[in-house]
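Structural characterization, general
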Amino acid sequence: MSEGAIILLLGASGAGGRYLLDRTAGQRVRVIAVSRREPARAFPHVTWLQHDLERGPADVRAGTLVSFGPLAHALSQVEQGTGLGRVIALSSASTMFKKQSSDRAERRQMDALARCEQALADACRERDIIMTLLKPTMIYGGGDDANVSRLKGLVSRLAYVPVAGRGLRAPVHADDLARLAVECVISGPKSAGTWLLAGGETLTYPDMLSRVAASEGRNIRLLRLPASIMKAGIRAAHLTGRLKDITPAMIERQAMDLVVDDTPAREQLGWNPRPFRP
Ligand SMILES: NC(=O)c1ccc[n+]([C@@H]2O[C@H](COP(=O)([O-])OP(=O)(O)OC[C@H]3O[C@@H](n4cnc5c(N)ncnc54)[C@H](OP(=O)(O)O)[C@@H]3O)[C@@H](O)[C@H]2O)c1
């Protein structure tokens, strides 16, 4: 990275942001890290700016924006125009999987995300900003992700875990995304574009559950149930205020393959993610 470069990092307190702070240490850059919560560690190369981006973009001049938080914040930051020449932003491959979801709220959310991706691409093009958009499948790592952490909670409570399908998963470690973001900053225009990213290992949903349980020292039994029965159980649990973080649409997805072909990223960006080690 060029000497004295300034990176504006959004989403600094999340897993990807924390790994990026680690990976930029000693790289001759300054990072201005934005989040509402304080990042877990202090670094000499990092200035933390506590700011709620819902109130407006950060008032910072920086050549490079790395966004590991909500994509809408990256868009506002670009639209504000603060000398940016480079944007590396995290979005999601879910726009491909959830656009047909049976859950209307999810469909709306994915529609909004897809529109935000397009608006970001347009805003960057109008301002001659080189944009790299990273679209990973499910992200894990860092201890506080909503995916593997939720599964860890599930397998630690239940001896028999119900499953409704054998859909494929390719979880992406947050640190692999941080490493790729740093490599994209270094490689510049060569990394421009939109990139689908899968993890280093593809496994079925039940195998992923068993792997998560083993990482917790648990030996679970999987109980194959029809999705209709599981969805009825979830709806009943919701009536009594339980399992609110699990939705019928999530049950349906257990049978779906949520994987992408990331050959272009492997061949052109050198994307080389680790196997799934929860
Ligand atoms: N979760 C997944 O499996 C997954 C998969 C693929 C892609 N993605 C993508 O990854 C991105 C981040 O997702 P996430 O679920 O990790 O996001 P998140 O939990 O909403 O936010 C992650 C980071 O953004 C910061 N942030 C959120 N709201 C903020 C605000 N109002 N002001 C300042 N900072 C704010 C958070 O910091 P504070 O809370 O400290 O402010 C945190 O550091 C999204 O673009 C998402 O589409 C996620």
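Residues numbered from 1 in each chain as written. Predicted model: local features only at pLDDT ≥ 70, side-chain atom pairs only at ≥ 80, totals over all residues.

This part takes up the overall build of the protein chain. Helix and strand content of the protein chain: ten helices and 13 strands. In terms of overall size, the protein chain behaves like a compact globule, its C-alpha atoms giving a radius of gyration of 20 Å where 278 residues would be expected to give roughly 19 Å. The principal-axis extents of the C-alpha atoms in the protein chain amount to approximately 55 × 40 × 35 Å. Relative to its 278 residues, the protein chain shows a buried fraction of 39%. Restricting the contact set of the protein chain to residue pairs at least 6 apart, pairs at least 24 apart contribute 71%. (Helix = DSSP H or I, 4+ residues; strand = E, 2+ residues; numbered from the N terminus. Rg over C-alpha atoms; globule rule 2.2 N^0.38 Å. Buried ≥ 20, exposed ≤ 12 C-beta atoms within 10 Å, placed from the backbone. Contact = placed C-beta atoms within 7 Å.)

The full set close to the ligand counts 23 residues, and Gly 11, Arg 36, Arg 37, Gly 69 and Ser 92 are the nearest of them. Residue classes in the shell around the ligand are distributed as ten nonpolar, nine polar and four charged. (Near = placed C-beta within 6 Å. Nonpolar A, V, L, I, M, F, W, Y, C, P; charged D, E, K, R; others polar.)

Below, the discussion takes up the sheet that holds strand E4 (residues 64-67). If you walk across this open sheet you meet the seven strands as E3-E2-E1-E4-E5-E6-E11, and the pairing is parallel. In this open sheet, the two edge strands, each paired with only one partner strand, are strand E3 (46-50) and strand E11 (193-197). When the angles between neighbouring strand axes are averaged without regard to direction, this sheet yields 15°. Here strand E1 (residues 5-10) runs beside strand E2 (residues 29-35); their pairing, made up of six bridges, is parallel. Following the sheet pairing, Ala 5 is matched in E2 by Val 29. Helix H2 (residues 71-80) contacts E1, E4 and strand E5 (86-90) of the sheet and is inclined by roughly 165° relative to E4. (Pairing = 2+ DSSP bridges. Axes fitted to C-alpha atoms, helices over the stretch in contact; angles between N-to-C directions.)

Further remarks concern the nonpolar core. Counting residues in hydrophobic clusters, the biggest one holds 66 residues, and the most contacted among them are Leu 9, Leu 20, Val 87, Leu 177 and Ala 181. No other element matches helix H6 (residues 174-187), which puts eight residues into this core. Excluding residues that lie within four positions of it along the chain, Ala 181 makes contacts with Leu 20, Val 66 and Ile 88. (Core = buried A, V, L, I, M, F, W, Y, C linked by C-beta atoms within 7 Å.)

The phi angle at Asp 128 is positive, at roughly 60°, despite the residue not being glycine. Its location among the elements puts Asp 128 in the loop between helix H4 (104-126) and strand E6 (130-136).

Turning to the packing of helix H5 (residues 148-157) against helix H7 (residues 205-215), a few remarks are in order. Orientation of H5 relative to H7, taken along the N-to-C sense of each, is 75°, at an axis distance of 9 Å. With respect to each other, H5 and H7 are oriented roughly perpendicular. From H5, Val 148, Leu 151, Lys 152 and Val 155 reach across to H7, where they touch Leu 209, Val 212 and Ala 213. Partitioning the contact of H5 with H7 into residue classes produces six nonpolar, no polar and one charged. (Parallel < 35°, antiparallel > 145°, perpendicular 65-115°, else oblique.)

Before going further, it helps to spend a moment on H2. Given 3.6 residues to a turn, an α-helix orients residues that are three or four positions apart in the same direction. Within H2 the residues assigned to the buried category are His 73, Ala 74, Leu 75, Gln 77 and Val 78. Contacts made by the buried residues of H2 are with E1, E4, E5 and H4. Just downstream of H2, Gly 81 is the residue with a positive phi angle, here 70°.

Purely geometric numbers; function is a separate question.
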